[in-house]
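Examination of the molecular architecture
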Amino acid sequence: MAGFITALDNLIVTTALPSIREDLGGGLEDLEWTVSAYTLTFAVLLMFGASLGDRFGRRRLFAIGLAIFTASSAAAALAPGMSELIAARAAQGVGAAIVTPLTLTLLSAAVPVERRGAALGVWGAASGIAVAMGPLIGGALAEHLSWQWIFWVNVPLGLALIPLALLRLDESHGPNPSLDLVGTVLASGGLFGIVYSLIRGNADGWTSTTVLGGFLAGTALLVGFVFYELRAQHPMLPMRLFRNRSFSAINAASLLMLLGMFGAIFLLSQYLQTVGGYSPMEAGVRMLPWTAMPMIAGPLAGALSDRIGGAPVVTVGMALNAVGLGLWALTVEPQVSYTALLPALIVCGIGMGMFFAPSANLVMSTVRPQEQGIASGANNAIREVGGAIGVASLAAVFSAQGGYGSASLFVDGLIPALWVGAGAVALAAALALLMPRRRKADGPAPALSGGTPASAPAL
């Protein structure tokens, strides 16, 4: 359940964005931060959260993370303005970054070895359902209750889970109690500077002091992060992993894939309501061919990757996503029918399903067994970073070419944003070609520290 509610909050907010904008005001950049504040803090603190559990006790930190997530969900529901909502969403990301990796370590300790595979399968299914149903649940709550209920729904669940965790779970500690505080600060500051500049670029001017300063400072901090991690005794992200060509290629491809996909989903939910005239729940239903298709295509892709290898399946999946975004860009018009857009959404959904499970297995196959936890955590953090950058960059293209003034103006901004997303995903497919081909993919290895299992989509 904890994994479900933290995964749900990745996309549950998307179909409620127009309602939030109508109620609290604010512009496109405020909506971007409503999404990115969660994904960015989640991404940069995900591996740090696992380290906190290893050092101070996994059950204790799991309960603390749930408390932070629950309290910040209530704060988001009570937010009187966009600034308060964005701050609450960032705090939600902090709680989720602590909870998510610990769900796996605690689950593996609580379940006998012979039942662990089934238990992790249930965990992965719960997370997959959360991702698929997030836009629909968010739309239903926003339409029939209010947008605040997309956050209130977490509160009773969190309050029930905290005492259950303290009473029913055994305490445990990890083998590596060290904390990489310097690395966490450098990565967090660098990513914030880049995302901030992308979001503020159109408003302040791309050559303004604040935007250029954000890009330069963010880049410098990320370079500093790489150099520090190369020399750190206990690095948060061991740079030696990137010496493997396959590991570097699949992680770069994952970042670009999530950049195009998450940015497009951010705009899709608003297009369906702003231009299509659908209610929040109707928009959530119409997003299902994209968001729910991986639940059908994913298992088939996993079976296919066992036969021909994961690299070709992942490459084709990303190529299909690029084709789907291109079809959407070619089809979309102010008065276009939903059925005309449906093929593009289905193609994107199939491509996404072909990407997730095989790509996670590829990550696992590039590292030693004792490094699979940190490798999985790194891959999931990179995916979340890609999502945050995707929302910021595609929204920047959208606002430079269009806006909310009319249906035509919205479409004017949407089309070039979609082409940018399609280009990013096409580049991801090209990077995937750098991975060596195998006749048989390595089997999935569950990440028991600091990551997400191979079966779980992480948006």
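Preceding block: the structure.
Notes on the structure follow. Just so it is clear, the structure is predicted and the values come from calculations on it, not from any experiment. (Residues numbered from 1 in each chain as written. Predicted model: local features only at pLDDT ≥ 70, side-chain atom pairs only at ≥ 80, totals over all residues. Heavy atoms only, no water.)

**A word on the overall build of the protein chain**
The secondary structure content of the protein chain amounts to 18 helices and zero strands. By residue count, 59% of the 459 residues in the protein chain fall in the buried class. For the protein chain, the share of sequence-separated contacts (at least 6 apart) that also reach a separation of at least 24 residues comes to 84%. Here the protein chain displays about 17,000 Å² of accessible surface, and carbon together with sulfur accounts for 66% of that area. (Helix = DSSP H or I, 4+ residues; strand = E, 2+ residues; numbered from the N terminus. Buried < 20%, exposed > 50% of the residue type's maximum accessible area, 1.4 Å probe, protein only. Contact = heavy atoms within 4.5 Å. Areas by Shrake-Rupley, 256 points an atom, 1.4 Å probe, with all protein chains shown as cover.)

**A word on the nonpolar core**
Grouped together as the largest cluster of nonpolar side chains are 122 residues, with contacts concentrated most on Trp 290, Met 318 and Trp 328. It is helix H11 (residues 245–274) that contributes the most residues to this core, 17 residues altogether. Apart from the residues lying within four places of it in its own chain, the contact partners of Trp 290 are Met 261, Ala 264, Ile 265, Leu 268, Asn 321, Leu 325, Trp 328, Leu 345, Cys 348, Gly 349 and Met 352. Ala 187, Phe 225, Met 236 and Leu 237 belong to the second-largest nonpolar core, a separate cluster that totals eight residues. (Core = buried A, V, L, I, M, F, W, Y, C linked by side-chain atoms within 4.5 Å.)

**Considering helix H3 (residues 28–56)**
In this model, H3 (29 residues) spans 40 Å end to end at C-alpha, consistent with the 42 Å of a helix rising 1.5 Å per residue. At Leu 45, H3 shows its largest bend, some 50°. Extensive coverage of H3 is indicated by the burial of 24 of its 29 residues. Positive backbone phi, at 110°, marks Gly 57, one or two positions downstream of H3. (Expected span 1.5 Å × (residues − 1). Bend = angle between axes of the 7 residues up to and from the residue.)

**Some details on helix H10 (residues 209–231)**
Given 3.6 residues per helical turn, the α-helix brings residues three or four places apart onto the same face. The terminal C-alpha atoms of H10, which comprises 23 residues, lie 33 Å apart, in line with the 33 Å expected from a rise of 1.5 Å per residue. Among all positions in H10, only Val 211, Gly 214, Gly 218, Phe 225 and Glu 229 are buried.

**Considering the packing of aromatic side chains**
Considering all chains together, one arrives at seven aromatic pairs under this definition. Geometrically, the ring pair formed by Tyr 271 and Phe 410 is tilted, given 6.3 Å between the ring centres and 40° between the ring planes. Residue Tyr 271 is located in helix H11, and its partner Phe 410 is located in helix H18 (residues 407–432); the two are separated by 139 residues in the primary sequence. When sorted by exposure, Tyr 271 lands in the same class as Phe 410, which is buried. Taken together, Tyr 271, Phe 398 and Phe 410 form an aromatic cluster joined through their ring pairs. Residue placement shows Arg 286 over the ring face of Tyr 338; its charged tip is 5.6 Å from the ring centre. (Phe/Tyr/Trp six-rings, centres within 6.5 Å; stacked < 30°, edge-to-face > 60°. Lys NZ or Arg CZ within 6 Å of the ring centre and 35° of its normal.)

**So, the environment of Ala 430**
Among the structural elements, Ala 430 can be located in helix H18. Judged by its relative accessible area of 39%, Ala 430 is partly exposed. Residues Ala 430 and Ala 253, 177 residues apart in the sequence, show an inter-C-alpha distance of 8.3 Å.

**Here's the deal with the packing of helix H1 (residues 2–11) against helix H4 (residues 58–77)**
The interhelical angle for the contact between H1 and H4, taken along N-to-C directions, is 40°, at an axis separation of 12 Å. Judged by the angle between their axes, H1 and H4 are oblique. Seen along the crossing, H1 lies across H4 with a hand that is left-handed. When H1 is examined against H4, the residues Ala 2, Ile 5, Thr 6 and Asp 9 are found in contact with a partner set consisting of Phe 62, Leu 66 and Phe 69. Across the contact of H1 with H4, the residue classes tally to five nonpolar, one polar and one charged. (Axes fitted to C-alpha atoms, helices over the stretch in contact; angles between N-to-C directions. Parallel < 35°, antiparallel > 145°, perpendicular 65-115°, else oblique. Left-handed = near helix turned anticlockwise from the far one by under 90°. Nonpolar A, V, L, I, M, F, W, Y, C, P; charged D, E, K, R; others polar.)

**Things to note about the environment of Gly 214**
Among the secondary structure elements, Gly 214 is positioned in helix H10. Exposure remark for Gly 214: the relative accessible area of 11% places this residue in the buried category. In sequence terms Gly 214 and Ile 194 are 20 residues apart; their C-alpha atoms lie 6.0 Å from each other. Dropping the residues within four chain positions of it, Gly 214 is found in contact with Gly 193, Ile 194 and Ser 197.

**Details of the side chain of Thr 6**
Tracing the backbone shows Thr 6 in helix H1. For Thr 6, the side chain forms a polar contact with the main-chain oxygen of Gly 3, separated by 3.1 Å. Polar contacts involving the side chain of Thr 6 include one to the side chain of Thr 100, which spans 3.4 Å. Setting aside chain neighbours within four positions, we find Thr 6 in contact with Tyr 38, Phe 69, Ala 96, Val 99 and Thr 100. (Polar contact = N/O pair within 3.5 Å; in protein donor to acceptor, adjacent residues only side chain to side chain.)

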